[in-house]
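# Per-entry structural report
Chain by chain, the residues run as shown.
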Amino acid sequence: MRVSYQWLSEYVDLTGISPQDLADLMTRSGIEVEAVEPRNAGVSNVVVGYVKERNQHPDADRLSVCLVDVGQGEDLQIVCGAKNVAAGQKVPVALPGAKLPGGIKIKRSKLRGVESQGMICSAKELGLNDKLLAKDQQEGIMVLPEDAPVGADAVTFLGLDDYVLELGLTPNRSDCLSMLGVAYEVAAILGREVKWPQVEVVEDGGENPVTVQIEAVDHCYQYHGRHFTNVSIGSSPQWLKNRLMAAGVRPINNVVDITNYVMLEYGQPLHAFDAEKVHERKIRVRLAQPGEKLVTLDDQERALDEQTLVIADPQKGLAIAGIMGGANSEITEDTSEIILESAYFTPQSIRRSARRLEMRTEGCVRWEKGVDPQRVAPAADRAAQLIQQLAKATVSKGVAGEAIQQREPVEVSLTLDKLNGHLGMALPAEDVSAIFRRLQFPFTYADGTWHVTIPTRRSDITLPEDLIEEVARLHGYDNIPTTLMHGETTQGKLNREQSLRRIVRHHLIGLGLSEAISYSLLHPERLHDVAGLHDHQKYHGLRLAMPMSEEHSVLRMSLLPGLLQVAQYNKNRQNHDLALFELGRVFLSEESSPTALPEERLYLAGVVAGQWQSQHWNAAKQPADFYLVKGIVESLLARLGVRDVSFRPTAERSGMHPGRTADILADGEVLGYLGQLHPATEKVYDLDETFVFQFDTHKLFAHALDLGLYRMLPKFPAISRDLAFVVDRTVPAERLSALIRQAAGDWLESVALFDVYTGEHVAADKKSVAFSLVYRHPERTLLDEEVQESVSRVVQTLADEVGAELRG
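Each chain has its residues counted from 1, following the order in which its sequence is written. Residue-level local features of this predicted model are given only where pLDDT is at least 70; pairs of side-chain atoms are given and counted only at 80 or more, and the full residue set underlies all totals for whole chains, interfaces and linings. Computation of side-chain values: all heavy atoms of the structure, hydrogens and water removed.

### Thoughts on the overall build of the protein chain
So the rule is basically this: Counting from the N terminus, the helices are DSSP H or I runs at least four residues long and the strands are E runs at least two residues long. Note that the radius of gyration is over C-alpha atoms, with the globule rule given as 2.2 Å times the number of residues to the power 0.38. Classification of residues uses two cut-offs on accessible area relative to the type maximum, computed with a 1.4 Å probe and protein chains only: under 20% is buried, over 50% is exposed, and between them is partly exposed. Any two residues whose heavy atoms approach within 4.5 Å are treated as being in contact. Shrake-Rupley sampling with a 1.4 Å probe provides the accessible areas, and residues are treated as covered by the protein chains on show and by no other component.
A tally of regular secondary structure across the protein chain gives 19 helices and 41 strands. Its C-alpha atoms give the protein chain a radius of gyration of 43 Å, more than 25% over the compact-globule value 28 Å for 808 residues. By residue count, 48% of the 808 residues in the protein chain fall in the buried class. Long-range contacts, defined as pairs at least 24 residues apart, comprise 70% of the intrachain contacts of the protein chain with a sequence gap of at least 6. Of the roughly 40,300 Å² that the protein chain leaves accessible, carbon and sulfur atoms contribute 48%.

### A short note on helix α2 (residues 19-28)
Quick reminder of the rule: In this description, the arc belongs to the directions extending from the helix axis to the C-beta atoms.
Those residues of α2 not exposed but buried are Pro19, Leu22, Ala23 and Met26. Down the axis, α2 shows its buried residues gathered within 100 degrees of arc, on one side only. For α2, the elements touching its buried residues are α1 (5-8), β2 (32-38), β11 (163-168) and α4 (179-190).

### Remarks on the side chain of Arg302
Our working definition: Side-chain atoms alone can form a polar contact between residues adjacent in sequence; in general such a contact is a pair of N or O atoms within 3.5 Å, and within protein one must be able to donate a hydrogen while the other accepts it.
Mapped onto the elements of the fold, Arg302 is located in strand β17 (residues 301-303). For Arg302, a relative accessible area of 14% corresponds to the buried category. Among the polar contacts made by the side chain of Arg302, one reaches the side chain of Asp298 at a distance of 2.5 Å. Beyond its immediate stretch of four places on either side in the chain, Arg302 contacts Glu292, Lys293, Leu294, Thr296, Ile320, Leu357 and Met359.

### Describing the nonpolar core
Inclusion rule: In this description, a nonpolar core means a group of buried Ala, Val, Leu, Ile, Met, Phe, Trp, Tyr and Cys residues linked to one another through side-chain atoms lying within 4.5 Å.
Core analysis: the biggest nonpolar cluster contains 77 residues, and Met26 and Phe436 have the highest contact counts within it. Look past the residues within four positions of Phe436 in its chain and what remains in contact with it is Leu414, Phe441, Phe443, Trp450, Val452, Leu467 and Val471. Among the nonpolar cores identified, the runner-up in size contains 37 residues, and Val210, Ile283, Ala319 and Met324 belong to it.

### Section: the side chain of Arg458
Counting through the fold element by element, Arg458 comes out in the loop between β26 (449-454) and α12 (464-475). Here Glu470 takes part through its side chain, which lies 3.0 Å from a polar atom of the side chain of Arg458. Excluding residues that lie within four positions of it along the chain, Arg458 makes contacts with Arg173, Asp175, Leu439, Phe441, Glu470 and Arg473.

### Some remarks on the pattern of salt bridges
Side-chain pairs of opposite charge can arise where the charged atoms are in close proximity. Worth spelling out the cut-off: Whenever a carboxyl oxygen of Asp or Glu lies within 4 Å of a side-chain nitrogen of Lys or Arg, that contact is scored as a salt bridge.
Tallied over the full model, the rule gives 48 salt bridges. The salt bridge partner of Arg375 is Asp372, with a shortest N-O separation of 3.5 Å. By the burial criterion, Arg375 is buried, and Asp372 matches it. One salt bridge connects Glu801 with Arg735, and the closest N-O pair in it is separated by 3.7 Å. Here Arg735 lies in helix α18 (residues 733-744) and Glu801 lies in helix α19 (residues 784-802), a separation of 66 residues in the sequence. With relative accessibility at 48%, the residue Glu801 sits in the partly exposed group. Taken together, the shared-partner salt bridges in this structure form one network comprising Arg173, Asp175, Glu185, Arg458, Asp460, Glu470 and Arg473.

### Some thoughts on the pairing of strand β34 (residues 645-649)
What counts, and what does not: When DSSP finds two or more bridges between two strands, those strands count as paired.
Bridging between β34 and strand β35 (residues 656-666) involves 5 bridges; their strand directions are antiparallel. Counterpart to Arg648 in the pairing with β35 is Asp663. Counting the residues between successive antiparallel strands, the hairpin from β34 to β35 contains 6 residues, one of them, Gly655, with a positive phi of roughly 80 degrees.

### Comments concerning the packing of helix α7 (residues 347-357) against helix α8 (residues 362-369)
Threshold: Axis lines are fitted through C-alpha atoms, for helices just across the contact stretch, and the angle between N-to-C directions can take any value from 0 to 180 degrees. Working rule for angles: under 35 degrees goes down as roughly parallel, over 145 as roughly antiparallel, 65 to 115 as roughly perpendicular, anything else as oblique. In this scheme the crossing of two helices becomes right-handed for a clockwise turn of the near helix relative to the far one and left-handed for an anticlockwise turn of less than a right angle. The residue classification treats Ala, Val, Leu, Ile, Met, Phe, Trp, Tyr, Cys and Pro as nonpolar and Asp, Glu, Lys and Arg as charged. All others, Gly included, are polar.
It is the contact of α7 with α8, at a shortest axis distance of 7 Å, that shows an interaxial angle of 135 degrees. Classified by the interaxial angle, the pair formed by α7 and α8 is oblique. For the element pair α7 and α8, the recorded crossing hand is left-handed. On α8, the residues touching Pro347, Ile350, Arg351 and Ala354 of α7 are Cys364, Trp367 and Glu368. Taken together, the residues that form the contact of α7 with α8 break down as 5 nonpolar, no polar and 2 charged.

### Describing unusual backbone geometry
Phi angles above zero are rare outside glycine, and Arg112 is one such case at about 55 degrees. Looking at where Arg112 falls in the secondary structure, it is placed in the loop between β8 (109-111) and β9 (114-116). The backbone of Glu358 shows a phi angle near 55 degrees, a positive value even though the residue is not glycine. Secondary-structure assignment places Glu358 in the loop between α7 and α8.

Printed below as a string of structure tokens:
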């Protein structure tokens, strides 16, 4: 919002307050002033002149010799090169010694042998933005209105002795999108009164012939239509142009300029229709019809949908409500009868239509943020007054319109204790009441409580906390004392889950895996490619109501589909060797049409493919396989202190290879699974042999130790024995390891599988499995006889339980 300092001073007494001082005060009170710009770009000693004569230069076809009255008693001879200079014009004249933008200094000179005693200036030469100039002033010299006083300072006449405050408004302060709104703010800061413009409309015409019908009652709450005849369309007076240009609005003609002026003054967007182009003078406020199109004022044809609010007559659309008028009812030089619209459209309706049509106008911005419904009628009256004065129009009697709803002021209550408690101060009630008076908020006060009536112009205030903010900023943030915080403090630290998550990340990264973060959203066809760790009959995938694309439309129920897409992305870019993990959440809902938020579970998953170790001069390459992934999992479980771990083959995990997949258990509870992808799944993602693992971390962390277990270094030596057994191929090594531990006794310190052999000297349905057993007594040195006795029990137990034969 661009605010003219001179214009603002008409509503608030700014005596003793410079533009920069005002900017500082407003910024410290919560309305940021981003810049204070002088309108004068360096113009001095330029006056209003009257061209008495224009003659052709004797030696130049494109130059004119003008005799100009500048109000100093003696006419000046000025050579001018503009095509549009003519006798009888009022023009800005730079006198000898004048300064213009860009460091230009004017002095007496001769042009082709003819003396020139100054310069007739164009708008650009005066530093005016040509984009904000009326079309008739964009080329050639600047022609001033006939009422411009000869000899007057052109800087003053053109409003260049003004300053513009550029406000950076937050979305909640839409009240300051008008001069009167800013005036209320400044008056509250300075403790001064707001002076409203004096409005008096003389209805000197016949009865208002306009009728209004609001059909879209959910989109328009008020609509007022005033009617004018005998309208003279022409250029606006200079003071009005000056204010519009200071606000960044280009003048067009007197009627359109007045609607823009009142919008800037009151914050109420207005629109004027050529009444002769409105069939039967009937206004309908309706939604667009299927397939309806409208050519707007920018000569663009707009396709409207059935939720776009339209101003229409019985035959056609006239305007897109609140956004832009139609070319079929535009005000032109021939217009003599107009209908003035002042309405209240709902912000939601205008915002939706503006976004769909990709249109942004000054009026649209105000509608989206919300206008004051109490100013709909006053703004129409103010515009009627100006149209009557500046366009010599006759105002018809009465105002046509409907009011479906009328928003009333709200009341907010606030206690002194709550206010001081929030601010950490001890403000007396008298000071707070004085601030409410400065804000012009009516209130009553009794028993330590204010009951404040919030004017409709301040739609941002709905809670007691909003009132506390108003008191704080007007009391002055700088005046709030600095105090130390007090109260109980606790030492910041990671909770148990956070600590375990950090351990998992650090350990997997230390093993050589890289952490990935994949999308939480999947394509519906990818949702069940790989099994999750939940009951597929119980839980359902959740689809977004308005997804950005079908590729990311369903919340994931497993981490693996996303990781496999990452693997596919890498493989397509010739990165075949992958070792990735992800720690993220999945989303589970027991309802296919959810009425509550889904359950979020933290999962851990990993993908390994290609070469785990590349070929090197002193090391052979090592491809990823089932046992590599199993080793990664076992290492992680050992780091977390998970005990009684076992692996159980399974063929029930969808998307997994039925012969190379195992569930991971601890104390008999399934924590997750690992294995190779099913060849069909690998084909879907265009992957080679790929191995994965996935954990439910809630279960995993439940079995983790909070503190690691430590043992003293042994004082006595250990005795080791290596045993090889021939067993059926169907007997798992884990079964043999468990039997060894069971039979060996308390002195067995560890048992490790170090060899599995099939082939020559072993029957086709048999395998040789070799274990290393380590014995140690904590308080003495074991005897060979004691160890041999334990080994004998092991051999006998394996023979009895699984038919194992000790291999020589």
